[in-house]
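Spelled out, the chains give:
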Amino acid sequence: MPTLPTACPLDCPDACSLSATVEDGRLVRLDGDHRNPLTAGFICAKVREIGGHVQGAERLRHPAIRVGAKGEGRFATVSWDEALDQVAARLREAVDQHGGESILPVCYGGSNGLLTQDATDARLFHRLGASRLAKTLCAAPSGRAYEGLYGRMPGVALPAYRHARLIVLWGVNPSATGIHSIPVIKRARSAGATLVVVDPRRTPLAQQADLHLAPRPGTDLCLALALIEHLFATGRADREFLSEHATGVEALRERASAWSLPRAAAEAGVPQPDLERFAALYSSTRPAVIRCGWGVERNRNGGSAVAAILALPAVAGCFGVPGGGFTMSNSRTIRLDGDAAAAAPAPSTREINLNRVGRALTEADPPIHVVLSYNCNPLSTLPDQERVRRGLLREDLFTVVFDQVMTDTARHADVLLPATTFLEHDDLTRGYGAMVVQRVRPVLPTEGEARPNWMVFEALCDRLGLSEPGDPRGPDAMVEAILGATEDARSIADAVRTEGVAQPPGGSEPVQMRDVWPRHADRRIHLCPEALDAEAPAGLYGYQPDPGGPSHPLALISPATRHTISSTFGQRLRQPAELVMHPQDASVRGIASGDEVAAFNELGRVECRARVSDEVRPGVVVLPKGLWSRHTSNGATANAVAPDALTDLGGGATFNDARVQVVRAT
Ligand SMILES: Nc1nc2c(c(=O)[nH]1)N[C@H]1C(S)=C(S)[C@@H](COP(=O)(O)OP(=O)(O)OC[C@H]3O[C@@H](n4cnc5c(=O)[nH]c(N)nc54)[C@H](O)[C@@H]3O)O[C@H]1N2
Ligand SMILES: Nc1nc2c(c(=O)[nH]1)N[C@H]1C(S)=C(S)[C@@H](COP(=O)(O)OP(=O)(O)OC[C@H]3O[C@@H](n4cnc5c(=O)[nH]c(N)nc54)[C@H](O)[C@@H]3O)O[C@H]1N2
Ligand code: SF4
Ligand SMILES: [Mo]
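Because the structure is a prediction, the values reported are computed rather than measured.

Colleague: Could you clarify how one ought to interpret the site of ligand 1 in this entry?
Modeller: For ligand 1, the set of nearby residues contains 34 residues, the closest of which are Thr-177, Asp-199, Arg-201, Asp-220 and Thr-564. In the model, an oxygen atom of ligand 1 is placed 2.7 Å from a nitrogen or oxygen of the Thr-177 side chain. Within the backbone of Gly-218, a nitrogen or oxygen atom sits 2.9 Å from an oxygen atom of ligand 1. Protein chains bury 98% of the 910 Å² of accessible surface belonging to ligand 1 in isolation. Here the residues of the shell around ligand 1 sort into 14 nonpolar, 12 polar and eight charged.

Colleague: Got a minute to help me understand the nonpolar core in this structure?
Modeller: Across soluble globular proteins, you tend to see nonpolar side chains buried next to one another. Of all hydrophobic cores here, the largest spans 72 residues; its most connected members are Tyr-150, Trp-170, Leu-275, Phe-278, Tyr-282, Leu-527 and Tyr-541. Looking at which element gives the most residues to this core, the answer is helix α14 (residues 302-316), with 11 residues. Leave out the neighbours within four places in its chain, and Leu-527 touches Leu-149, Leu-242, Ala-246, Thr-247, Gly-248, Val-249, Leu-252, Ala-311, Ala-314, Leu-540 and Tyr-541. Counting residues in hydrophobic clusters, the runner-up holds 30 residues, among them Cys-107, Ala-130, Ala-419 and Leu-464.

Colleague: Quick question: what am I supposed to make of the domain arrangement of the protein chain here?
Modeller: One widely used convention gives an interface's size as the accessible area the parts lose upon coming together. Splitting the protein chain by domain gives domain 1 (3-54), domain 2 (64-138 + 336-424 + 445-471), domain 3 (141-328) and domain 4 (554-664). The distance between the C-alpha centroids of domain 3 and domain 4 comes to 27 Å. With 24 residues of domain 3 at the interface, the matching set in domain 4 holds 23 residues. Of the roughly 1800 Å² buried where domain 3 meets domain 4, counting both sides, 52% is carbon and sulfur surface. Connecting domain 3 to domain 4 are two salt bridges. Across the pair Asp-614 and Arg-202 runs a salt bridge, and its minimum N-O distance is 3.0 Å. Joining domain 3 to domain 4, the criterion identifies 11 residue pairs in polar contact (both at pLDDT 80 or more). Contributing elements (two or more residues each) for the side of domain 3 that touches domain 4: α5 (140-150), α6 (174-177) and α14. Here the residues of the side of domain 3 that touches domain 4 are counted per class, giving eight nonpolar, nine polar and seven charged.

Colleague: What is the right way to read the site of ligand 3 from this model?
Modeller: Lining the immediate environment of ligand 3, one finds Cys-8, Cys-12, Ala-15, Cys-16, Ile-43, Cys-44, Val-47, His-180 and Ile-565. Considered class by class, the residues forming the shell around ligand 3 number eight nonpolar, one polar and no charged.

Colleague: In this structure, what is going on with the pattern of salt bridges? I would like to understand it.
Modeller: Pairing is possible between side chains of opposite charge, provided their charged atoms come close. Tallied over the entire structure, the rule returns 44 salt bridges. For the salt bridge of Asp-414 with Arg-66, the shortest nitrogen-to-oxygen distance reads 2.8 Å. Taken together, the residues Asp-414 in the loop between β16 (398-403) and β17 (415-418) and Arg-66 in strand β4 (residues 64-66) connect sequence positions 348 residues apart. Overall, the relative accessible area of 8% leaves Asp-414 in the buried class. We classify Arg-66 as partly exposed; its relative accessible area is 26%. Put simply, Arg-441 and Asp-426 hold a salt bridge, and the shortest N to O gap is 3.7 Å. One end of the pair, Arg-441, is in the loop between β19 (437-440) and α19 (453-463); the other, Asp-426, is in the loop between β17 and β18 (427-430), with 15 residues separating them in the sequence. On the accessibility criterion, Arg-441 (38% relative accessible area) is partly exposed. Counted as one network, the salt bridges with shared partners bring together Arg-300, Asp-546, Asp-657 and Arg-659.

Reading guide: rules and limits
Residues numbered from 1 in each chain as written. Chains lettered and ligands numbered in written order. Predicted model: local features only at pLDDT ≥ 70, side-chain atom pairs only at ≥ 80, totals over all residues. Heavy atoms only, no water. Near = heavy atom within 4 Å. Polar contact = N/O pair within 3.5 Å; in protein donor to acceptor, adjacent residues only side chain to side chain. Areas by Shrake-Rupley, 256 points an atom, 1.4 Å probe, with all protein chains shown as cover. Nonpolar A, V, L, I, M, F, W, Y, C, P; charged D, E, K, R; others polar. Core = buried A, V, L, I, M, F, W, Y, C linked by side-chain atoms within 4.5 Å. Buried < 20%, exposed > 50% of the residue type's maximum accessible area, 1.4 Å probe, protein only. Helix = DSSP H or I, 4+ residues; strand = E, 2+ residues; numbered from the N terminus. Contact = heavy atoms within 4.5 Å. Domains from an automatic or database assignment. Buried area = accessible area lost by both parts, 1.4 Å probe. Salt bridge = Lys/Arg side-chain N within 4 Å of Asp/Glu carboxyl O.

Below, the structure written as structure tokens:
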């Protein structure tokens, strides 16, 4: 049977190149191929089995309008013309009566494709003068720190980890979230590399690691600063490298000097000998690479913690050799300008932080009257779920949900629009782990009447008289606009057009501080940038203590699982949710595995089963991200207890600052 090449644009670092076998319009097989070398011919189970999502019972196939009460989830099918006429009329009415800012797009991680976000959607909302959305739900503090210190200099390519003799996985769990790193790490280890994992949970790789530090959530900053201080104090800091290639060295050192190894170990709740061993390994093993994950950022200290971790290889002099340095996000390794597809500059309207959409829907002044949610499942993924729910239940709010399946958010729509999946539409996607750009091509016929984002937003622009003569129309024109917009894009354009895949113009394994340099005018590493220092409430590298207290003593963290990508594919997850807690925390509460428990704080309450296990450290409980209301006993998820407080840098989400009490539910 012939196979068709395409690529996975989901919110996953690996950006797999795919090979689809299709027979009579049905997906017979989906597997990885080798065009993106990182894919190495295999993919995750959730995408291998994507047929159950694309062609499943919960797929949205036709536009529909609400017939029941808000949130009840009863709809009647209508034609696309009827649905789009109604949406266009409500947008026009909102602009005329309340101004463009009464309209809010809610959009995030459904796809990392450049045609499905910030493209024709941005064209529509910018020209309407809608409120602008600050897309801070993920990676905002990491991005801010990475930008501030290195101007997003490309990271160590994941395949180059084979050269490393020390691999540090810091707040990252590739066994679930980036599986193509696993064989590389295994190979490096069989060649003698040492593995250190920093994670409050014993993840699969922590289980196998030479050293596992399980800090209290939110204390990575203390650990990283203590390592920096140790490097300086023991004369292991690479003074020569720093004076040539960095600024802000003394400011960093001064801030780190408050954190001795014993003090940091005590604050983080890790054994001091373990931290000493980590310090010794990082001082002396070369090449050393740090994979900084997103578990580090999701708390009040997230931005400074990422900055301190990214400063480590500079202080220790780890750069300049293959397999030495750090990896954060590699999304900017190939510089593309996605805005070229929108062809509409952003207006200077008010900005709403995505993490505060619940607050915006219930308190914004002037109020929001129309919400258009797409590429996002806000009721399942935003902080402060009860506030989001109250907002979506407002009788005077007009809500459009544009999605592939009947999500918890979709049940709250006034108008439902069915979206195509990446197997049914065109896109252009860029990895944030793998260093590739790939053309996504439709390989399946469209289910029902589903439509791609570009088509729906283009149609709304047309209906509202907002289309302009020079606009790139349709996927090919948008791809060409992006491929013509930057030097990097032009240099890979032919490869994208003919092969459907392209690697970085400067080579696929750039060595940091040898082949690639900080993207600052002075090409130096800025260890203590003024802008970050001014933004962080306690200054850059300033530690903010744990937000817990006697009434809510347990830290609830909500990491990713292998079953979903955030909430995507949640409809296929059959098992009920389990809250994992340490035996000590369980026994003082009289809780055993299988008991029904409630985790609660002043924001909300989630009820589900408990599982008692020492895979999580004492004082921490785990309930995964991305659950749907059906997975818990009371319909709330971890997000119901997650605060909408913001990170120190970048206005990011502080999911892992949720502090709760847990009791047996009666
Ligand atoms: N299968 C699958 N893959 C995914 C996703 C998914 O949902 N499922 N999500 C995708 C997305 S959107 C993203 S952003 C990435 C995320 O990729 P990762 O960063 O790997 O994911 P997380 O699970 O958020 O966090 C990683 C680890 O951080 C730990 N952690 C929590 N708090 C702290 C802390 O304060 N300090 C430290 N050191 N560790 C902490 C958690 O226990 C977890 O094991 O993965 C992407 N890939
Ligand atoms: N408790 C807790 N919550 C978290 C996190 C956490 O650590 N803890 N982490 C968060 C992270 S890392 C992230 S990135 C966010 C992600 O949060 P979201 O952006 O809400 O991502 P998803 O849950 O994947 O939902 C994306 C939706 O977009 C739809 N979709 C996919 N492709 C398309 C398309 O082409 N067109 C349209 N119209 N729709 C499409 C999918 O069907 C899906 O319903 O969640 C955050 N939520
Ligand atoms: S979700 Fe990640 S691992 Fe799975 S196919 Fe997509 S890119 Fe590959
Ligand atoms: Mo994310």
